[in-house]
Protein chains: 2
Amino acid sequence: MRIRTVMLGAAMALALEAKADEGMWLPSQLPSIAKNLKAAGFHGDAAALADLTRAPLNAVVRVGGGTGSFVSADGLLVTNHHVAFGVIQYNSKPDRDLITNGYVAADRAGELPANPDYRARVTVGFDKVTDRILGQARGETGRAYYDAVDAASKALVAECEKADGLKCSVATMFYGRDFYLVKQLELRDLRLVYAPPRAIGNYGDETDNFMWPRHAGDFTILRAYVGPDGKPADYSPDNKPYHPPSHLQIATDGVAEGDFVMLAGYPGITYRHRTAAEFADQVQWRLPTSVAVLKGLQDVIEAQGHASQDAAIRYASQLQSLKNGIKRFSGELEGLQRSDAVVGRREDEAAMLAWLATQPEAKTLKPDIDQAMALIAQGKDVRERDLLLGLLSSQTQLMRGALNVDRLAVERPKPDAARETGYQARDEELIQGQLKQIQRRYDPKVEKALVTSLMTRYQQLPPAQHLAEVDKVFGTTPAALAKALDAIYGATKFGDEAERNRLFAASPADVEKSTDAILVAARTLRPALLRIEDEKKGRDGDLLRLRPAYMQALIGYREKQGSAVYPDANSTLRVSYGKVTPLLARDAVTYAPLTTVQGIVEKNTGKVPFDAPQPLLDAIHKGDFTGYADPKTGAMPVDFLSNLDTTGGNSGSPVLNAKGELVGLNFDSNWEAVSASWKYDPRYKRAIHVDMRYMRWLMDKVYPSPALLKELGVPAR
Amino acid sequence: MRIRTVMLGAAMALALEAKADEGMWLPSQLPSIAKNLKAAGFHGDAAALADLTRAPLNAVVRVGGGTGSFVSADGLLVTNHHVAFGVIQYNSKPDRDLITNGYVAADRAGELPANPDYRARVTVGFDKVTDRILGQARGETGRAYYDAVDAASKALVAECEKADGLKCSVATMFYGRDFYLVKQLELRDLRLVYAPPRAIGNYGDETDNFMWPRHAGDFTILRAYVGPDGKPADYSPDNKPYHPPSHLQIATDGVAEGDFVMLAGYPGITYRHRTAAEFADQVQWRLPTSVAVLKGLQDVIEAQGHASQDAAIRYASQLQSLKNGIKRFSGELEGLQRSDAVVGRREDEAAMLAWLATQPEAKTLKPDIDQAMALIAQGKDVRERDLLLGLLSSQTQLMRGALNVDRLAVERPKPDAARETGYQARDEELIQGQLKQIQRRYDPKVEKALVTSLMTRYQQLPPAQHLAEVDKVFGTTPAALAKALDAIYGATKFGDEAERNRLFAASPADVEKSTDAILVAARTLRPALLRIEDEKKGRDGDLLRLRPAYMQALIGYREKQGSAVYPDANSTLRVSYGKVTPLLARDAVTYAPLTTVQGIVEKNTGKVPFDAPQPLLDAIHKGDFTGYADPKTGAMPVDFLSNLDTTGGNSGSPVLNAKGELVGLNFDSNWEAVSASWKYDPRYKRAIHVDMRYMRWLMDKVYPSPALLKELGVPAR
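What you see is a predicted model; the values in this text were computed from it and never measured.

On to the packing of aromatic side chains, then. Overall, the coordinates contain 26 aromatic pairs over all chains when judged by the stated rule. For the pair A:Tyr271 and A:Trp678, a centre-to-centre distance of 4.8 Å together with 15° between the ring planes defines the contact as stacked. One end of the pair, A:Tyr271, is in the loop between β12 (260–265) and α9 (276–307); the other, A:Trp678, is in the loop between β19 (662–669) and β20 (687–691), and 407 residues separate them in sequence. A relative accessible area of 23% means that A:Tyr271 is categorised as partly exposed. Residue class for A:Trp678 comes out buried when judged on its relative accessible area of 6%. Ring centres 5.5 Å apart and planes at 75° place the aromatic pair B:Trp25 and B:Tyr566 in the edge-to-face group.

The subject of this paragraph is the packing of helix α24 (residues 614–622) of chain B against helix α25 (residues 692–702) of chain B. All names here are of chain B. Taken N-terminus to C-terminus, the directions of α24 and α25 make an angle of 100°; their axes are 11 Å apart at the nearest point. It follows from the interaxial angle that α24 and α25 lie roughly perpendicular. Where α24 abuts α25, its residues Pro615, Leu616, Ala619 and Ile620 lie against Tyr694, Trp697, Leu698 and Val702. Its residues placed into classes, the contact of α24 with α25 shows 8 nonpolar, no polar and no charged.

In this section: the sheet that holds strand β14 (residues 583–586) of chain A. Across the sheet, 4 strands lie side by side as β14(A)-β15(A)-β15(B)-β14(B); this open sheet has antiparallel pairing. If you trace the sheet from one side to the other, it starts and ends with β14 of chain A together with β14 (583–586) of chain B, each paired once. Between one strand axis and the next, the sheet turns by 30° as a mean value, whatever way the strands run. Relative to strand β15 (residues 589–591) of chain B, strand β15 (residues 589–591) of chain A runs antiparallel, the two being bridged by 3 bridges. Looking across to β15(B), one finds that A:Val589 is bridged to B:Tyr591.

Residue and element names in this part refer to chain B. Reading across the sheet, the 7 strands line up as β13-β12-β18-β19-β20-β17-β16 and stay open at both edges, with antiparallel pairing between neighbours. Only two strands of the sheet have a single neighbouring strand rather than two, namely β13 (574–579) and β16 (594–596). Sheet twist, expressed as the average angle between the axes of neighbouring strands with direction ignored, equals 30°. Bridging between strand β12 (residues 260–265) and β13 involves 6 bridges; their strand directions are antiparallel. Each residue of the ladder has a partner; that of Val261, found in β13, is Gly578.

This part takes up the domain arrangement of chain A. All names here are of chain A. The assigned domain composition of chain A is domain 1 (1–119 + 188–266 + 565–717) and domain 2 (276–544). Computed over C-alpha atoms, the centres of domain 1 and domain 2 are 36 Å apart. In this assembly, 14 residues from domain 1 lie in contact with 16 residues from domain 2. Taken over both partners, the interface formed by domain 1 and domain 2 buries close to 1,400 Å², and the fraction arising from carbon and sulfur atoms is 58%. Looking at the side of domain 1 facing domain 2, the largest losses of area belong to Trp671, Trp678 and Lys679, adding up to 44% of the total buried there. If you look at where domain 1 meets domain 2, you find 0 salt bridges. In this assembly, domain 1 and domain 2 are joined by 3 residue pairs in polar contact (both at pLDDT 80 or more). Looking at the side of domain 1 that touches domain 2 residue by residue, the class counts come to 5 nonpolar, 3 polar and 6 charged.

A few words on the pattern of salt bridges. Residue and element names in this part refer to chain B. The tally for this structure, following the rule as stated, stands at 106 salt bridges over all chains. In this structure, Asp348 and Arg558 form a salt bridge, with 2.8 Å as the shortest nitrogen-oxygen distance. With Asp348 in helix α12 (residues 341–357) and Arg558 in helix α22 (residues 517–561), this pair connects stretches of sequence that are 210 residues apart. Asp348 sits in the buried class, given a relative accessible area of 18%. Judged by its relative accessible area of 19%, Arg558 is buried. Taking the shortest distance from any N to any O, the salt bridge between Glu469 and Arg531 comes out at 2.6 Å. Of the two residues, Glu469 sits in helix α18 (residues 468–474) while Arg531 sits in helix α22, which places them 62 residues apart along the sequence. A residue is classified by how much of its surface remains accessible, and Glu469, at 14% relative accessible area, is buried. Of the residues examined, Arg531 reaches a relative accessible area of 35% and is grouped as partly exposed.

Calculation criteria
Residues numbered from 1 in each chain as written. Chains lettered and ligands numbered in written order. Predicted model: local features only at pLDDT ≥ 70, side-chain atom pairs only at ≥ 80, totals over all residues. Heavy atoms only, no water. Phe/Tyr/Trp six-rings, centres within 6.5 Å; stacked < 30°, edge-to-face > 60°. Helix = DSSP H or I, 4+ residues; strand = E, 2+ residues; numbered from the N terminus. Buried < 20%, exposed > 50% of the residue type's maximum accessible area, 1.4 Å probe, protein only. Axes fitted to C-alpha atoms, helices over the stretch in contact; angles between N-to-C directions. Parallel < 35°, antiparallel > 145°, perpendicular 65-115°, else oblique. Contact = heavy atoms within 4.5 Å. Nonpolar A, V, L, I, M, F, W, Y, C, P; charged D, E, K, R; others polar. Pairing = 2+ DSSP bridges. Domains from an automatic or database assignment. Buried area = accessible area lost by both parts, 1.4 Å probe. Salt bridge = Lys/Arg side-chain N within 4 Å of Asp/Glu carboxyl O. Polar contact = N/O pair within 3.5 Å; in protein donor to acceptor, adjacent residues only side chain to side chain.

What follows is the structure in C-alpha cells.
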C-alpha cells in the first residue's frame, strides 16, 4: 500500500508558508522575482543582485570543491573547515598538528601557503553564447548534434583561456536551451589564516553528518594573494594580498526563527525539471535496483572479508563507499516516496501538457516533447545492462585497470583535444594512480566474486539486452562465467605492479599486441563499450536538442501560474532565499532552528567525534557570551537551520540577512533533504549553517585573534 | 571533568515552573497541600481525595502487576493492554488469536474468564497501626528489632485475613516511622471485555519502550464479577457483575499542553529520601560496578554462544535479561549524573543538618541520625562481596538450584510461618519451576565460565571481605578455582532432571546426607550465606529503628521551607498531580506532549512492531475524527505526556483532569526518567499516557462496541 501523507495542523501551515522558498536562481532572474524577494523580507534592491560580476555577488567565489566569500578588502576569504581541510592537512606535520590544534596566524607573515593545486575562482564574466554554441548544431540530430555542441564549446573555452589567469567553461541552462560562457579569474596563492581545531570544525563528524541538531564550527579563514603586479601568481614570498572587487560585511546582529536569509553559491547538480517518466524511473527502478546491486557487492566483500583479514583490509575503503552509496540511495528513495514525488511530478506534467494543448506554441513544441519522451522511454530497454557494465568498470580494480590501459591505447594516438574526456593527457596521472592503488586494494578472490555477482545478474537479462562481446568474455551460464574468470584471473600477470607500469608506459601498438588474459578480455569488450558510449552520446545529443521544448512549455505553464522557473543546478553561481525555519521531524518532534553551546556539552563524550577541546568547554562553562548571545534567550548560538534551497557544491556558501550582511556559512543538509536533488519538499528540505556569532565568539574568547576580528570589521567585545 | 549542566532560556523557565509537581502523595496528605493543588489547576475539593476507601479513590484498584480503575457501575475496569496481557494470552488459541486480532465481547455472555490466578484488589481499609507494630520492638536493636516488627506484622495480617475475601498487608511510611494495615477486597472473577489487537495495544513494542513520542493504544477493558451473594468468588457462570463502591467518569473533553492532570495508583518503590551517602554509593559504586560485573557475564555468554549454537539458545533469555539490566543501570547512572543528583542531595542534606543543629529536636534526633549514617557507611565494607555472592545464586542455574534445595532442607522442618520468605510452602512451586527450567537453560561449560567470572572478581577482593566457606569451595587462586569447578561440575549428577526431582522431594535428612558434589558445595557455603542474611536483617532492623529520625529532621526542614514530604513509594495508593508537559529532550529538540495518528502512519513499516492493522490505517486514511480530534489542530490524538510523578506499578493508573474525569491511562515513562526512582528531575521526568479520546475513537470507528461506549457514559458519535 502506498501511504499518502496525512498532513495535519501545524505541519500543513508550515508547508504552505514555506512553499515559495524553493529555487536556485540565476542572479539575472532576480529582478523579475523582486516582488517575491521583498515579500519574503529582503530589504535590498533585487536589481543590485542581477550581475554576478558585480558587488556583492562577485565576492562569492568557487574554492576547493565548494564556495567561499571575500570578507575583507585585503583578500580574507571564509569557507567551511571541510572545504579548506586539504590546506590544513597540507600544513600539518607531526610536530605541528594543525588538524588537532587548529591554527591562528600571529600576523601576515604567519599565514601558511596552501597546497599548490588549491584554487579560488572569481567570476569575472558570464555571457550568453547560445548562438555561437548552437550555430553548427542546428539542423543536426543525435551524435552530430552532440559533437557540434562539444566542438563549439571547446573552441570557445580555448579562445577564452588565452587571457592570462582565466579559467573558462560553457554552461547550459534549461538543458540545451541557453548556453553561457563563464570566465573566472583563478587565484593560485591561498594561505591559511585561521582554523579551529578539528574537534570544533568537524564536531560530530560522521555521526552528525546529515543530522540536525548540529554543533560544528565548520569554518576556516584563508587569504588570497597575487603577484606584485596584482595578477594571479603561484606562491611566492613576494606576493601581496589580493584586493577583491568587493567583500561581504559580517553582521553584528544574529538570526532568529522566521528571519529572512539568502545564500549565494555554486550548487552542483539537480534534476528538478526532469520528466515524469524520469522521476518514475528513478524511484521505481534506478534507486531500488542500485541499492539491490550494491548490496550484492557489499555482501560479497563482507563474506570474503570474514574469511580473510587481508581481504577485509584491502576492500575496507570500497566497502565503506558502497555502504555510503547504499545509504544515500536508500535515503533518496525514502525521501522521494515520503514526498510522493512521482505522483506529484506526473500530475504536474499532465497539467502542463493539457495547458500546452490549448496554446499556439503547442504546434512547435509538442513534436519535440513527444520525441524527447519517446527517447527517454527507449532508455529503459537496456538500462539494467548499462548499470551492470558501468559497475563492472567502476567497482573492480584489475578489470578497471585493464579497461583503462586498453582505452588509453585507443585515445593516445589522437590529438589531445579529440581524445575522450577522462583519457586526455591531463587525465593520465589519475589513471596511473588507479593502477598504482591496485597494489593495496586488489585481491583476485574478491574481485572474481564481485564480477560474478555483477555478471550473474547480467546473464539473467533477456536476450535483447545481451552484447555478443560481453557474452564472449564472460559466457552465458554461471558455469561458463566461473570458468572464464578462473582463466582470466589465473593467467593474467597484470596483478604485478611492474607489469602494469610496463603496459601503462607501452606504445599503443604494444598494448594491442599484449596476450595477457585480462587485456585480451578488455580488448574483446572494447567494441561493445565504445558502441554503448556512442549510443549514449547520440541520445544525449538528441535530448540536448529536444528538451528545450519541454523546458519552454514548463516555463510558459509556470508563467501562467504566476511563477518563474530556475534552471536545474549546474555548478554555476545561484542565489536562494528563504527563512530560518524549524523542522517538524516527525509526529510530536520539533527541531528548533538554532542550536546552542549547551548542545556541545550534552553531546560531549570526551571521545572522537564528540571531544570538544578543553578551552571551548572551559569558555562555555565560564559563560562569557556578552555581545554574541541570543538577546531573547541569553543562549550562545552555534549553528542554524533554514529552508534555503541548496545541494552539493553549496558548502561554504555565505548566508546573508535581509540587509545583505553575512550571518552564516552553509555546510550541510539534513538527511531528509537527500532527495532534494529531485524534489524540494518544503516540509523536509533544510540547510545547515554555522552561525557567524559562534565564529566571532570563538575568535574573541576561545582562540583569540583580535587583529583578524578588526580586519573583518567586527572587533572583539 | 564533571560537567555541570548549563541551564539556558526556555529550559530554565520550564524547570522552575515544573518544580512543584514532584510527589507521590498519600491521599491523607492532600488536604494539607490543598492550596498547591488548587494553584496547579485542580477544580475539586482536596478533602474529598483524603480517604482512599471512599470515592473517587476507591475506584482505583490493584490489578495484575499494575493499577486499574472502575469505569462503570457494573464493574467495568480499564487498565493497560500490557497489564491485562496474561488474560488475553490465556484466552487465545490457535483458532482464536486474541493477541493478534484483539477482542470485542458481543455481549455479557461473550465476556471471557481471566486466568484463575488473575486478581483485582479494592482497598477497603487503611489504618495506622504503628503502635501495634512497634510495641514489642521498642527498646530492642538490630535483629531483635527486625524480628519483633516482622512477627507483629505477620500476626496482624493473619488476624485481618480471617475475614472472607480480604487480603491484608502492613506498609511502613517514612522508613519505619509509621505503619499502616492495608485491607483489600480481592476479586477473583475478572473477564475480558475489550482488547485492541497487539499491533495497537503494543504498537512499537521494545523499540518504542521508554520512548517518546509514542503511539500505543495500551488499554484493555475487563469486568469484575462476584458471587450471587455479592461476595468475591472464583469464576462461575452464575456470578454477577460486581458493583464497585464508585467509578470514574470518562471525560469527553481532551487535554492540551499545560492542562492540569492528576493520577492515582500503586507505585512500587523509590529512594528519594535516602541519605546523601546512599546516593553517592548508588552513583559512584553500585551502578557502575553492577554494569561492569553484568557486562562480564554478558561477555561470557556471548563468547560461549559464538562457540556453541546450543549454548546460545539455552542462554538467550538470560542474555536478554542481562542486557536489559545493563541498559537500565546505565540509564539510571546517566540520568543521576545528568541531574547532578549526588551533589544536589549532599548539599540538601548538609543544609538540613545545619538547620537541625539550631533546633531543640536536634538533641533527640541527631544521635539516631549519626548512628544511621555510621551503619550506612559500614555497609561499604563488604558490598563487593555481597554483590558477587548475590549474583552467584541468581545468575547461575545448577548452583542456584543446589542452593535452593539445600536451603529448603533447612526451612522445611520449621512451622510454615517461621520459614524464611521465599522458602515457605507457597514458594515451593516457584523453586520447583526453577529446578525444571535447568533442563532448558543450563550448559555446564557456560555456567563454569559464569562462576569463574564472578569468583575471579571475588578472589581479587581484600582479605577482610573473604569468607572461609567461600574460599573453601572455590579456592583462593584462579588455578584452584578452575580445579574446584571441574570437580564440582564434573562429578555432580544434579544436571539430571530425575536426580533434581528426587532431591526436591527428599526429606531434609536425606538432602543433608547427599554426597553430590554441588550439594556438598551448597552445604559448605550455607553457614556463610546464613550469616550474611542474619547480618543484613540486623542492619535492616537498626535502620528501621534509626531512619525515622532522619525522616523527622527532613520533614521539619521541609516544613520550614514551606513544603511537605511524601513518603517514598512502597506499593500503596498514591496521588500525583502535575500538567501535560512537553520535553526539551536535548539542545534544539522539543517533544510535543501529544502525539497524533499521523505518527502511526509515519512509523508504520508493515513489520512487527510497526504493523498497524489495516482497519486502523484505513480509518486514519478516511480521517473521520469528528468528536475526538483536537479542537485546535484538527489532529486525532493518540498518547500524551505529563510531568506526573510515577514509577513501576503505576501502569494502568487513571489520569484525571481538573474536574476529576478520566482523560488517560498511564503506561510508561521516558528513558530519561529511569533515574527518577532516586531523583525527580523536572527537566526530564515524564510519564506517558494513552489518550482516552484515542480509546473512544477506536471503540467507535475502528473496532466498534457501541453498547460498551454507552455503558461507559460516552456514547458513539
